[in-house]
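Given next are the chains, with one letter for each unit.
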Amino acid sequence: MDRVTSDNPPGTADTAALRPLLPSPLVEVTDERFARRGLRLLLKRDDLIHPDLPGNKWRKLEPNLREAAAAGSRTLLTFGGAYSNHLRATAAAGRLLGFETIGVVRGDELADRPLNPSLARCAADGMRLRFVTRSLYRRKNEPDVLASLAPPGCFVVPEGGSNAAAARGCAELGRELRGVADVVGVACGTGGTLAGLAAGLGGDQRAIGFPVLKGGFLEAEVQHLQEAAFGGRRGAWTLEDRFHFGGYAKRTPELDAFAEDFAARHGLPLEPLYVAKMLYGLTTLAEEGAFPAGTTVAAVITGGAGVGWAGP
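Read on for a plain summary of the structure. (Residues numbered from 1 in each chain as written. Predicted model: local features only at pLDDT ≥ 70, side-chain atom pairs only at ≥ 80, totals over all residues. Heavy atoms only, no water.)

### A closer look at the overall build of the protein
Consideration 1: Along its length, the protein carries 11 helices and 11 strands.
Consideration 2: Relative to the compact-globule value of 20 Å for 312 residues, the protein shows a C-alpha radius of gyration of 19 Å, a close match.
Consideration 3: Viewed in the frame of its principal axes, the protein has a C-alpha envelope of about 55 × 40 × 35 Å.
Consideration 4: The buried share among the 312 residues of the protein stands at 55%.
Consideration 5: By sequence separation, contacts in the protein at least 24 residues apart represent 75% of the contacts at least 6 residues apart. (Helix = DSSP H or I, 4+ residues; strand = E, 2+ residues; numbered from the N terminus. Rg over C-alpha atoms; globule rule 2.2 N^0.38 Å. Buried < 20%, exposed > 50% of the residue type's maximum accessible area, 1.4 Å probe, protein only. Contact = heavy atoms within 4.5 Å.)

### With respect to the packing of aromatic side chains
Consideration 1: Summed over the entire model, instances satisfying the criterion amount to seven aromatic pairs.
Consideration 2: Here the aromatic rings of F258 and Y280 are separated by 5.3 Å at their centres, their planes lie at 75 degrees, and the arrangement is edge-to-face. Placement of F258 in helix α10 (residues 253-266) and of Y280 in helix α11 (residues 275-287) is noted, with a sequence separation of 22 residues between them.
Consideration 3: Taking the relative accessible area as the measure of exposure, F258 reaches 8% and is therefore buried.
Consideration 4: Grouped by ring-pair contacts, the aromatic residues F210, F243, F245, F258, F262 and Y280 constitute a single cluster.
Consideration 5: Looking at R106, its charged tip hangs above the ring of Y137, at a distance of 5.3 Å from the centre.
Consideration 6: Seen from the ring of W237, R233 lies directly overhead, with NZ or CZ sitting 3.8 Å from the centre. (Phe/Tyr/Trp six-rings, centres within 6.5 Å; stacked < 30°, edge-to-face > 60°. Lys NZ or Arg CZ within 6 Å of the ring centre and 35° of its normal.)

### Describing the pairing of strand β3 (residues 40-44)
Successive residues of a regular strand alternate their side chains across the two faces of the sheet.
Consideration 1: Burial runs high along β3: four of the five residues are buried.
Consideration 2: Inspection of the sheet shows strand β2 (residues 26-29) paired to β3 by four bridges, in the antiparallel sense. Within the sheet, the bridge partner assigned to E28 lies in β3 and is L42. (Pairing = 2+ DSSP bridges.)

### Quick notes on the sheet that holds β2
Consideration 1: Taken together, six strands build an open sheet; the order of strands is β2-β3-β11-β8-β9-β10 and the sheet is mixed. Of all strands in the sheet, those with a lone pairing partner are β2 and β10 (236-239), marking the two edges. For this sheet the average axis-to-axis angle between neighbouring strands, irrespective of direction, equals 25 degrees.
Consideration 2: Sheet topology places strand β8 (residues 183-188) next to strand β9 (residues 206-211); six bridges connect them, and they run parallel. Within β9, the position partnered with V186 by the bridge is G209.
Consideration 3: Against the sheet, α11 touches β3, β8, β9 and β11 (296-300), its axis set at about 165 degrees to β11. (Axes fitted to C-alpha atoms, helices over the stretch in contact; angles between N-to-C directions.)

### A few points about the nonpolar core
Among soluble globular proteins, nonpolar side chains are generally buried collectively.
Consideration 1: The biggest cluster of nonpolar side chains holds 32 residues, and the ones touching the most others in it are L43, L270, M278, L279, L282 and F291.
Consideration 2: Where this core is concerned, the elements lending two or more residues are β3, β8, β9, α10, α11 and β11.
Consideration 3: No other element matches the eight residues that α11 contributes to this core.
Consideration 4: Other than its neighbours up to four places away in sequence, L282 contacts F34, G185, F210, F291, V297, A298 and A299.
Consideration 5: Judged by nonpolar contacts, the second largest core, of 23 residues, contains A164, A195, A198 and A207. (Core = buried A, V, L, I, M, F, W, Y, C linked by side-chain atoms within 4.5 Å.)

### Things to note about the pairing of strand β4 (residues 75-80)
Consideration 1: Within β4, six of the six residues are buried, which leaves it mostly tucked inside the rest of the structure.
Consideration 2: A two-sided burial pattern is seen for β4, the buried positions comprising T75, L77 and F79 on one face and L76, T78 and G80 on the other.
Consideration 3: Of the pairings in the sheet, the one linking β4 to strand β5 (residues 100-106) comprises six bridges and is parallel in character. Opposite L76, over in β5, you have T101 as the bridge partner.
Consideration 4: Note that β4 and strand β7 (residues 155-156) share two bridges and pair parallel. Among the inter-strand pairings, L77 is bridged to a residue of β7, identified as V156.

This is the structure we're talking about:
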């Protein structure tokens, strides 16, 4: 079932006109949990790249927008759940650059309910929302199902924005961190940011991905994305599966207490579903002695703590 809002006129893929803050700021913070182990902690503030397309949203969407324009398409179709930050970012990109956008939303039961703040923002930005059953959503990548959802001539961006183009876009994040950190931590949803980050880092650096979903499926996903984007596995990277706190959008009092404490220490409220989990994981690894003294650890802040904005 569709819910239609105002249409956008044909636009441009001149993303430079949006004036992104690149490279994103890199700031050092003093945290005794790292310092007493002889470690430095840096925060890579990707959340400051653009107010409407922060963090890895910019890095993953920007190359897809250019590919869509090169293919002659001015309509983007993508997928997400009811609180999808990727849907919000795609809708914002459409508004800013004049692309029409279609969001396929998981759960047809949502069609007759008031829009939550995330979907309301999508609608306000001109996105056409199409609610589908959960069973159909699970089949969204099957050719016949995709053909039924995507109008002719539209450019399809996968759920979470993770594809080969996105991975190549996120490689710039790794290049921005060359020579400044030994270990880089990033939260993982669909794996595209980690795939590109690891490929862009130098040979003496390594990336650690912190999945926010249960299931242990990301190893294969990241491998697949690197093969599609770069022709094979690139860079040194691992996954830490201990810090999902029950799965996507799950939180615990322990995680909330950590986020509140971090904000009090450093004046940075943490986005709770991605960034807080990643920093909790990095802090735990530091306290466990996983990094030798003298190591510089960088944490990628992929999204802000504002309502509706998270990470990958």
